[in-house]
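A structural walkthrough
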Amino acid sequence: MRIVNTSVRKKDAMALVTGQPVYTDDIAPKNCLIVKVLRSPHAHAIIKEIKTSDAKNLYGVECVLTYNDVPQKRFTMAGQTYPEFSPYDRYILEDRVRFVGDAVAVVAAKDEKTAEKALKLIKVEYEVLKPVLDFRTAKDNQTIVHPEEDWKALVEVGGDRKRNLCASGVETNGDLDSIMSNCDVIVSETYHTKAVQQSMMETFRTFTYYDTYGRLNIVSSTQVPFHVRRILSNALDIPKSQIRVLKPRIGGGFGAKQTVVSEVYPAIVTMLTKKPAKIVYTREESLIASSPRHEMEVKVRIGADCSGKIKAIEINTLSNTGAFGEHGPTTVGLSGHKSIPLYTANCEAFRFSYDVVYTNHMSAGAYRGYGATQGQFALESAVNQLASRLNIDPVKIREMNMVRQGMIMPAYYNEPNNSCTLDKCLETAKKNIGWDEKYPCRDMGNGKVRSVGIAMSMQGSGISNVDKGSVTIKLNDDGFYSMNIGATDMGTGCDTVLAQMVAETMECDLDNVVVYGVDTDTSPYDTGSYASSTTYITGTAAVHASNELKQRILDVASTKLNVPESDLVFDGKVIRSIDNKKEITLKDIANEDMCGNNAVLEVTSSNFSPVSPPPFMVGAVEIEVDKETGHVEVINYEAVVDCGTTINPNLARVQTEGGIVQGIGMALFEDIIYDNKGNLFGTSFMQYKIPSRLDMGKVNVSFESSYEPTGPFGAKSIGEVVINTPAPAIAHAVYNATGVWHRELPITPEKVIRGMIDLEN
Amino acid sequence: MRIKMNLNGKPLESDASADMVLLDFLREHECYSVKRGCETSNCGLCTVLVDDKPILSCSYPLARANGKSVTTLEGLQDEAKEFGGFMADEGAEQCGFCSPGFIMNVLAMVNEFENPTDSEILNFLSGNMCRCTGYEGQLRAIKKYLAFKGAEK
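Residues numbered from 1 in each chain as written. Chains lettered and ligands numbered in written order. Predicted model: local features only at pLDDT ≥ 70, side-chain atom pairs only at ≥ 80, totals over all residues. Heavy atoms only, no water.

Re the packing of helix α6 (residues 225-236) of chain A against helix α7 (residues 264-273) of chain A
Each pair of packed helices can be summarised by the angle the axes make with each other and by the distance between the axes. Residues and elements named next belong to chain A. Axis separation between α6 and α7 bottoms out at 11 Å; the angle between their running directions is 55 degrees. Between α6 and α7, the crossing angle belongs to the class labelled oblique. You can see that α6 and α7 cross each other, and the crossing is right-handed. Here Leu-232, Ala-235 and Leu-236 of α6 lie close against α7, whose contacting residues are Val-264, Ala-267, Ile-268 and Met-271. Across the contact of α6 with α7, the residue classes tally to seven nonpolar, no polar and no charged. (Axes fitted to C-alpha atoms, helices over the stretch in contact; angles between N-to-C directions. Helix = DSSP H or I, 4+ residues; strand = E, 2+ residues; numbered from the N terminus. Parallel < 35°, antiparallel > 145°, perpendicular 65-115°, else oblique. Left-handed = near helix turned anticlockwise from the far one by under 90°. Contact = heavy atoms within 4.5 Å. Nonpolar A, V, L, I, M, F, W, Y, C, P; charged D, E, K, R; others polar.)

Shown next as structure tokens:
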């Protein structure tokens with residue numbers, strides 16, 4: 001391969017590193033109204049009265065909107081594909097507020113200062129209600145988060161708003177109880193993962209305006225332009241045909257921008273005032289009223305025989321979706337579907353059950369890993385504990401039980417495991433970290449202990465039978481190609497990765513392929529960039545479109561040269577007859593195509609997949625624990641990934657490094673903490689700490705590439721799988737250093753010290 | 001208030017509100033490379049040079065910049081292209097939103113250190129957050145850039 005599997009620069013790289021104005025706020029019209037949201041100080045309350053006249057009378061204020069001014073039609077902000085699994089449970093503004101930070105009123109003014117001042121002039125009288133703050137008590141609580149009659153689930157997912165249930169379900173395979181009862185050893189533990197913030201550097205932001213045709217244009221930092229169109233149509237109660245969504249460069253997403261967090265506010269302002277409007281979330285707003293990871297409590301039961309063969313796995317997950325159900329019914333599934341299959345080899349039965357509950361926390365959303373992260377922390381930790389109980393090396397117990405290529409995975413929709421080098425990943429990680437020398441720990445003689453830990457992971461590549469990606473490729477004069485996509489590059493490099501696939505197929509230079517995306521009026525439909533789908537799902541569409549266009553070019557050449565197509569060879573620049581007697585250049589075909597013919601040298605291809613081939617990885621960590629302070633320092637992280645063919649090895653490597661460091665943050669210090677009234681502590685990067693370059697040690701990435709037969713050039717996904725191993729690997733290493741299992745994240749110095757003190761007593 | 005400064009090599013005189021921070025003033029003057037990732041001086045995205053020293057423009061009152069020389073990435077395009085090329089060759093710009101502030105601080109570091117060690121690099125840049133890359137690719141780019149600049153001398 002010439003271009004696929006090479007580390008070319010991203011197409012937008014030089015614009016980004018020279019600071020060009022390409023992001024939403026850089027390109028917003030200067031005359032935008034500035035939109036601000038008044039946010040609730042209460043976790044649960046009814047708005048008895050809201051006085052806006054003083055704010056409205058302030059010079060420079062364009063409008064002040066309350067629940068009286070917005071459509072009373074429920075919708076969801078979750079950016080998901082038809083038929084939409086998240087319940088329709090919110091208005092733009094409502095007379096009930098459900099978390100501290102929930103929207104109470106919307107102000108639009110000529111500038112930021114005036115908007116801020118107007119917010120202070122709005123007088124709200126609340127009837128404060130008792131909130132549900134502990135998700136363990138949410139189901140069947142006397143307080144009902146969604147008492148409204150017009151709450152609506154489009155898909156039956158076991159929800160019951162009267163019980164604070166957003167979704168629930170149970171799946172079984174085999175006779176779990178009888179197999180479990182015959183097991184020699186059972187590990188049964190409960191794990192607690194907290195809500196954490198994606199913390200992309202560019203906060204949520206959107207601007208809106210009416211165009212020449214009287215249509216509402218939305219320019220937004222979003223991962224899901226087509227879903228934004230549908231969601232705004234629902235929220236504003238206007239036809240989809242009246243909305244156009246454009247995506248400029250995005251300053252990171254990680255799932256946060258798979259929820260329509262900021263779009264509705266400027267959109268309703270523009271709709272009502274006919275004036276351009278803009279909202280830019282502060283970091284505080286992005287931390288208190290956004291779309292973080294679902295907090296989960298995962299109960300795991302593993303049954304094994306005394307040799308360490310894992311025979312039965314039971315997982316029960318309680319997920320906290322917060323005030324609204326965005327991504328609630330779907331994230332929870334991955335806590336089972338993407339953990340249990342890791343141990344397919346000897347597993348005879350499993351049961352996976354779950355409840356997703358409403359509480360008066362901010363709504364959760366999609367965050368890289370999407371439930372798999374939570375489930376795998378639990379199951380991987382339990383497997384490490386099982387190894388310890390049986391006195392088996394944790395690497396060996398995985399070698400005995402892991403899923404391997406060729407196996408059918410009953411817990412993963414019975415999909416066959418067609419491409420898998422998880423075994424090689426484990427072997428390489430073990431070697432790279434120096435497992436045999438370092439396991440379990442070494443006392444450094446200065447109050448510090450160095451130890452190692454290990455974990456495996458899998459994810460998916462797109463949502464099987466759901467996600468759809470499309471690519472349009474057009475031949476232009478002089479023979480360059482333009483590619484139009486509906487997938488959203490959010491810094492991950494999909495514009496480049498997809499262009500690499502086209503250039504490879506069309507046998508041309510990468511510079512000969514220009515990329516455009518996304519404009520919902522002109523881009524071909526794509527579900528959006530999430531669920532690790534773009535390389536695999538949209539990538540396959542790019543290959544199909546390229547092949548079809550190549551075919552059409554050959555058709556034209558065949559007519560022009562009067563040579564049967566089967567006797568023609570296309571080398572990317574010239575089409576020649578195999579006897580070398582006749583030839584025509586691509587440039588001539590392209591230029592002659594501009595007049596006097598009916599040929600269409602433009603192709604759109606769409607692709608969905610009936611399977612979602614899992615990428616796999618192993619993470620092995622070496623840490624140093626300070627026994628005096630409980631401080632855990634990551635020394636070295638060995639990540640070994642099977643994402644199939646790496647289309648762009650550099651970008652795959654950086655994805656991995658970034659995911660590992662986010663995972664380290666989740667394992668060691670990131671935590672969304674509420675007080676007993678539902679107020680959130682982490683309102684800035686002072687209190688909500690994400691890793692700096694001093695907090696991550698050394699991350700080393702290796703690839704053990706399998707070849708996925710259904711993927712483009714053998715590729716699977718990489719975006720999400722890379723965040724999953726740090727939490728269980730670090731928890732394992734902390735156990736190996738201190739003898740204490742930490743089953744609640746993050747593993748802070750206080751918890752490490754307390755654990756050691758409790759163990760001594 | 002009346003503000004006088006030298007912005008990216010050119011004298012600038014302008015009226016501005018007294019409570020303005022330098023970041024907002026710079027964006028008003030079309031220095032869109034200057035980004036805000038937080039409001040609490042934690043993220044480093046708003047890094048610019050004032051009299052050749054890196055500062056956080058989100059928490060730098062505009063009045064302090066009066067009479068001084070302010071440099072943003074717009075004023076260092078050649079340097080940005082040169083170092084940025086090393087970033088691009090690692091794929092380490094990713095979303096790019098933190099790149100301008102990061103590059104400003106890297107260029108400031110290069111002015112202060114002849115041959116920084118890994119530890120000096122990490123400490124100097126510890127205030128520049130990046131959520132995409134996990135920092136390793138940035139370090140690779142810096143080391144290759146330093147080797148390139150060393151060979152040039």
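As for the domain arrangement of chain A
Residue and element names in this part refer to chain A. What the domain assignment lists for chain A is domain 1 (13-129 + 198-288), domain 2 (132-190 + 294-417), domain 3 (421-461 + 613-761) and domain 4 (468-608). Using only C-alpha atoms to locate each centre, domain 1 and domain 4 end up separated by 38 Å. Taken together, the contact pairs 22 residues of domain 1 with 20 residues of domain 4. Approximately 1600 Å² of surface area, both sides summed, lies buried where domain 1 meets domain 4, with 49% of it carried by carbon and sulfur atoms. The tally of links between domain 1 and domain 4 comes to five salt bridges. In this assembly, domain 1 and domain 4 are joined by 12 residue pairs in polar contact (both at pLDDT 80 or more). Counting residues per element, the ones that place at least two in the side of domain 1 that touches domain 4 are α6 and β11 (243-246). (Domains from an automatic or database assignment. Buried area = accessible area lost by both parts, 1.4 Å probe. Salt bridge = Lys/Arg side-chain N within 4 Å of Asp/Glu carboxyl O. Polar contact = N/O pair within 3.5 Å; in protein donor to acceptor, adjacent residues only side chain to side chain.)

Section: the sheet that holds strand β25 (residues 583-585) of chain A
All names here are of chain A. Strands sit in the order β23-β24-β25 across an open sheet of three strands; the sheet is antiparallel. Strands at the two margins of the open sheet, each flanked by one partner only, are β23 (568-570) and β25. The sheet shows a mean angle of 15 degrees between the axes of neighbouring strands, direction not considered. Where strand β24 (residues 574-577) meets β25, three bridges bridge the pair, whose relative direction is antiparallel. Counterpart to Ile-575 in the pairing with β25 is Ile-584. The strands that helix α15 (residues 534-561) touches are β23, β24 and β25; relative to β23, the one it contacts most, it runs at about 135 degrees. (Pairing = 2+ DSSP bridges.)

Structural notes on the nonpolar core
Ile-92, Met-201, Leu-236, Tyr-265, Val-269, Val-300 and Leu-422 of chain A are the most contacted members of the largest nonpolar core, which totals 189 residues. Beyond its immediate stretch of four places on either side in the chain, Val-300 of chain A contacts Val-187, Ser-188, Glu-189, Tyr-191, Glu-314, Ile-315, Ala-378, Leu-379 and Ala-382 of chain A. (Core = buried A, V, L, I, M, F, W, Y, C linked by side-chain atoms within 4.5 Å. Buried < 20%, exposed > 50% of the residue type's maximum accessible area, 1.4 Å probe, protein only.)

Focus on the domain arrangement of chain B
All names here are of chain B. Once the domains are mapped, chain B shows domain 1 (2-74) and domain 2 (76-152). Using C-alpha coordinates to define each centre, domain 1 is positioned 21 Å away from domain 2. Counting from both sides, the interface comprises 16 residues of domain 1 and, opposite them, 15 residues of domain 2. Between domain 1 and domain 2 lies a buried interface of about 1400 Å² when both sides are counted; carbon and sulfur atoms form 66% of it. Its largest share of buried area at the contact with domain 2, domain 1 owes to Leu-45, Thr-47 and Leu-73, together 41% of the area lost on that side. With its nearest N and O atoms 3.9 Å apart, the salt bridge here joins Glu-112 to Lys-53. There are five residue pairs in polar contact (both at pLDDT 80 or more) connecting domain 1 and domain 2. If you list the elements that add at least two residues to the side of domain 1 that touches domain 2, you get β3 (47-50) and β4 (53-56). Sorting elements by how many residues they give to the side of domain 1 that touches domain 2 places β3 first, with three residues.

Considering the interface of chain B and chain A
At the junction of the two partners, chain B supplies 53 residues and chain A supplies 55 residues. In this assembly, chain B packs against chain A so that about 4200 Å² is buried in total across both faces, 55% of it on carbon and sulfur atoms. Its largest share of buried area at the contact with chain A, chain B owes to Gln-94, Arg-131 and Glu-136 of chain B, together 20% of the area lost on that side. For the pair chain B and chain A, the interface holds nine salt bridges. Two residues, Lys-10 of chain A and Glu-93 of chain B, come together in a salt bridge whose shortest N-O distance is 3.3 Å. Elements that contribute at least two residues to the side of chain B that touches chain A include exactly α2 (77-90), α3 (99-112), α4 (118-124) and α5 (136-152) of chain B. At nine residues, α2 of chain B tops the list of elements feeding residues into the side of chain B that touches chain A. In the side of chain B that touches chain A, the residues fall into 20 nonpolar, 20 polar and 13 charged.

Thoughts on the sheet that holds β11 of chain A
Residues and elements named next belong to chain A. Spatially, seven strands are ordered β3-β5-β1-β12-β9-β10-β11 in an open sheet, and the strand pairing comes out mixed. Strands with a single pairing partner mark the edges of an open sheet, and in this sheet they are β3 (61-65) and β11. Taken over all neighbouring pairs, the strand axes of this sheet differ in orientation by 20 degrees on average, direction set aside. As defined by bridge partners, β3 adjoins strand β5 (residues 103-109) across four bridges and the pair is classed as antiparallel. Looking across to β5, one finds that Cys-63 is bridged to Ala-108. Along the sheet, α6 contacts β10 (216-220) and β11; its crossing angle with β11, the most-contacted strand, is approximately 145 degrees.

What to know about the side chain of Thr-222 of chain A
Residues and elements named next belong to chain A. Following the sequence through the fold, Thr-222 ends up in the loop between β10 and α6. Judged by relative accessible area, which is 0%, Thr-222 ranks as buried. A distance of 2.9 Å separates a polar side-chain atom of Thr-222 from the backbone nitrogen of Val-224. If we ignore the near neighbours within four places in the chain, the residues touching Thr-222 are Val-228, Lys-247, Ile-250, Lys-257, Glu-263 and Thr-488.

Focus: the pattern of salt bridges
Residue and element names in this part refer to chain A. Overall, the coordinates contain 68 salt bridges over all chains when judged by the stated rule. Taking the shortest distance from any N to any O, the salt bridge between Glu-84 and Arg-230 comes out at 3.2 Å. Here Arg-230 lies in helix α6 and Glu-84 lies in the loop between β3 and β4 (96-97), a separation of 146 residues in the sequence. Each of the two residues, Glu-84 as well as Arg-230, counts as buried. The closest approach of N and O atoms between Lys-438 and Glu-622, which form a salt bridge, is 2.9 Å. In this pair, Lys-438 sits in helix α13 (residues 435-438) while Glu-622 sits in strand β27 (residues 616-626), placing the two residues 184 residues apart along the sequence.

Side note on the side chain of His-192 of chain A
Residues and elements named next belong to chain A. Mapping His-192 onto the fold places it in strand β8 (residues 185-193). A distance of 3.3 Å separates polar atoms of two side chains, one belonging to His-192 and the other to Arg-136. Those residues in contact with His-192 that sit more than four places away from it in its chain are Phe-135, Arg-136, Glu-295, Met-296, Glu-297, Phe-377, Arg-743, Glu-744 and Leu-745.

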